[in-house]
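Listed here are the chains, written in short residue letters.
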Amino acid sequence: NKKIIKEQKVGGFHFSNTALIYEDGKSKLTTSIKNITENDAMLQSFDIIVQDKNGEEITTLLGYVGNTIKPGETIAISSEVNMNLMDAYSIQYVVHN
């Protein structure tokens, strides 16, 4: 779904290259996170809210970084859940401060 993989900017971070794969009873979501500010930015963790086509929450995954990201630097993360999310319609990122 295009709303799953769409690029999003949240705070000083750009989320892109998102992929959702279902295999062996698990859904795995991967995404790249880029610091789009001019300063080092600490990113401890963030929520990945997975929604159905009605905007209802299916589940929330935790994205954990726990590190400082330098300006312009991109890192990749992955999160897994023991459920089929292939019918998910969209995702929303919420950065923890």
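Up top you'll find the structure we're talking about.
Residues numbered from 1 in each chain as written. Predicted model: local features only at pLDDT ≥ 70, side-chain atom pairs only at ≥ 80, totals over all residues. Heavy atoms only, no water.

Engineer: Looking at this model, I keep getting lost on the nonpolar core. Mind explaining?
Structural biologist: Soluble globular proteins tend to bury their nonpolar side chains together. Counting residues in hydrophobic clusters, the biggest one holds 22 residues, and the most contacted among them are Phe13, Phe15, Ile33, Leu43, Phe46, Ile48 and Tyr93. Of all the elements in the fold, those that place two or more residues in this core are strand 2 (13-23), strand 3 (26-35), strand 4 (41-51), strand 5 (57-69), strand 6 (74-81) and strand 7 (90-95). The biggest single contributor to this core is strand 4, with five residues. Excluding residues that lie within four positions of it along the chain, Leu43 makes contacts with Phe13, Ile33, Val65, Gly66, Asn67, Ile69 and Val95. (Core = buried A, V, L, I, M, F, W, Y, C linked by side-chain atoms within 4.5 Å. Buried < 20%, exposed > 50% of the residue type's maximum accessible area, 1.4 Å probe, protein only. Helix = DSSP H or I, 4+ residues; strand = E, 2+ residues; numbered from the N terminus. Contact = heavy atoms within 4.5 Å.)

Engineer: Can you help me understand the sheet that holds strand 4 in this one?
Structural biologist: The three strands lie next to each other as 5-4-7, forming an open sheet whose pairing is antiparallel. Strands with a single pairing partner mark the edges of an open sheet, and in this sheet they are strand 5 and strand 7. Sheet twist, expressed as the mean angle between neighbouring strand axes with direction ignored, is 20°. Sheet analysis places strand 4 next to strand 5, joined by 10 bridges and oriented antiparallel. Pairing of Ser45 across the sheet is with Tyr64, part of strand 5. (Pairing = 2+ DSSP bridges. Axes fitted to C-alpha atoms, helices over the stretch in contact; angles between N-to-C directions.)

Engineer: Would you take a moment to explain the environment of Glu57 for this structure?
Structural biologist: Relative to the helices and strands, Glu57 resides in strand 5. With a relative accessible area of 51%, Glu57 lands in the exposed category. Setting aside residues up to four positions removed in sequence, Glu57 forms contacts with Ile49, Val50 and Gln51. Looking at Glu57, its side chain comes within polar contact range of the side chain of Thr60, at 2.7 Å. (Polar contact = N/O pair within 3.5 Å; in protein donor to acceptor, adjacent residues only side chain to side chain.)

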